[in-house]
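Structural description and commentary
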Amino acid sequence: MLSGEMNFQDTIRIAGVKTFPIRTSRGNSPKMALGIMPTRPALLIKIEDNSGCYGWGEIWANFPTRANTHKANIVEDVIETNLLGFSFSDPREVQEALRNSLAIFFLHIGQSQVFEHILAGIDMALWDLTLRHKGVSFTDFMGLPSSWAQSYASSINAEDLGRLIPLHAGMGHTYFKLKIGFVEHGNAHIVENASKLAPDGSSIMVDSNQSWTLEQAKVALRDIEEYEPYFAEEALRADAPLSDWEELAKATIIPLAAGENIYGIEDFLTMTQAGLKVLQPDVAKWGGVSGALDLAQTVSEDVLIWPHFMGTAVGQVAALSISAAVGKSSTCEVDVNDNPLRTELCGDVIAIEGGQVELPSDPGLVHPPTIRMLTTFADQI
Ligand SMILES: [Mg+2]
């Protein structure tokens, strides 16, 4: 599934770790079945080596309101001393070493998944550092045929369909994902409206954010089958019994998708055996770039990898890079809602043309945030 080889050679010694909790209350937020996001918190991590080279990563921190400072404190209190002075060639070595030394600690404090989010952001930062140190872009390092990644329009609120679907169709997007699962308006009604607005040849997807029981999911999906959604995301809880997933997969013709709340290759593979057809690893929540690429090498050809992402331009470019590496079968989520952390933090780097976003041509994985914007968005809470 992957076209390139990952040929890490240089030995890099970690000399500095710093977190940047940021936030914006500008823009508008997606409305999810599990709640709204009153402001958008985010957490960046910068890792430096002993030559002064650096890498940026993003640790998932959309909620709750102070998820970013919570995880920044954990990095400072627990992780940092384990990173300083550590030498590696392949970022996977760091993830493995941290797991070996700290997984039981995080199990004990009941924050194993918080640990995964932090490991994901660290892996992203180490890919950025390693490639910048080597002087190559991700596209060149992986030997990709193109520096453009396919994207889809995500998290379109029901009241914004008439504005955002035509706008994104104009940018070349052909896949549109809707948030559904709300009590106040019928799911089928939203999907019907979106289907009318979407250009011929394009597809609708739906995301109900784990809000349905098996019986609710069966009914809701049956009601929208006529619109032929490309996939239904998190139609059940990620931790629902496998028998429920199997039953739902058999009951609907709509391909089932999930991944933002699945941790580890084994769990992803188990879910594909239960009938999941579209895997959505989130580069800032589990595994980082390494985990997603390793997953892509492991799954069978009939399973799609469409990276999940909702955050800043830093993680967004990493997620797009995964799609580009996986190839033509992969398309990456891009939130359509106004969010300056995506559109201003690193400059105008998520410009969508022909349904695609261009990856950085400079050495590294991501576009570094500008100092001015880091100051502008520095968290005051
Ligand atoms: Mg989702």
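Conventions used here
- Residues numbered from 1 in each chain as written.
- Predicted model: local features only at pLDDT ≥ 70, side-chain atom pairs only at ≥ 80, totals over all residues.
- Helix = DSSP H or I, 4+ residues; strand = E, 2+ residues; numbered from the N terminus.
- Rg over C-alpha atoms; globule rule 2.2 N^0.38 Å.
- Buried ≥ 20, exposed ≤ 12 C-beta atoms within 10 Å, placed from the backbone.
- Contact = placed C-beta atoms within 7 Å.
- Domains from an automatic or database assignment.
- Nonpolar A, V, L, I, M, F, W, Y, C, P; charged D, E, K, R; others polar.
- Core = buried A, V, L, I, M, F, W, Y, C linked by C-beta atoms within 7 Å.

1. Things to note about the overall build of the chain
Counting its regular elements, the chain contains 13 helices and 16 strands. On C-alpha atoms alone, the chain measures out to a radius of gyration of 20 Å, which is about the 21 Å that the 2.2 N^0.38 rule sets for 381 residues. Taking all 381 residues of the chain together, the buried fraction comes to 50%. Long-range pairs, those at least 24 residues apart, make up 75% of the contacts in the chain between residues at least 6 apart in sequence.

2. So, the domain arrangement of the chain
Considered domain by domain, the chain is made up of domain 1 (12–138) and domain 2 (143–376). Across the boundary between the two partners, domain 1 contributes 40 residues, which contact 42 residues of domain 2. Among the elements of the structure, β1 (12–24), β2 (31–32), β4 (40–49), β5 (54–59), α2 (91–108) and α3 (112–134) are those that each provide at least two residues to the side of domain 1 that touches domain 2. When residues of the side of domain 1 that touches domain 2 are assigned to their parent elements, the largest contribution, 12 residues, is made by α3. A class-by-class count of the residues in the side of domain 1 that touches domain 2 yields 19 nonpolar, 12 polar and 9 charged.

3. So, the nonpolar core
In a soluble, globular protein the nonpolar side chains are often hidden away together inside. Ranked by internal contacts, the top residues of the largest apolar core, which has 112 residues, are V283 and A318. Taken together, domain 1 (12–138) and domain 2 (143–376) each give at least three residues to this core, which thus spans both. Excluding its chain neighbours within four sequence positions, the residues that come into contact with V283 are A120, M124, G288, V289, A292, P307, F309, G315, A318, A319 and I322.

4. Here's the deal with unusual backbone geometry
Following F63, the chain continues into P64 via a peptide bond in cis, with omega recorded as -10°. Of note, Q210 is a non-glycine position whose phi angle comes to about 65°, a positive value. Note on placement: Q210 falls in the loop between β9 (203–207) and α7 (214–224). The backbone phi angle of E228 is positive, close to 50°, even though this residue is not glycine. Looking at the secondary structure, you find E228 in the loop between α7 and β10 (232–233).

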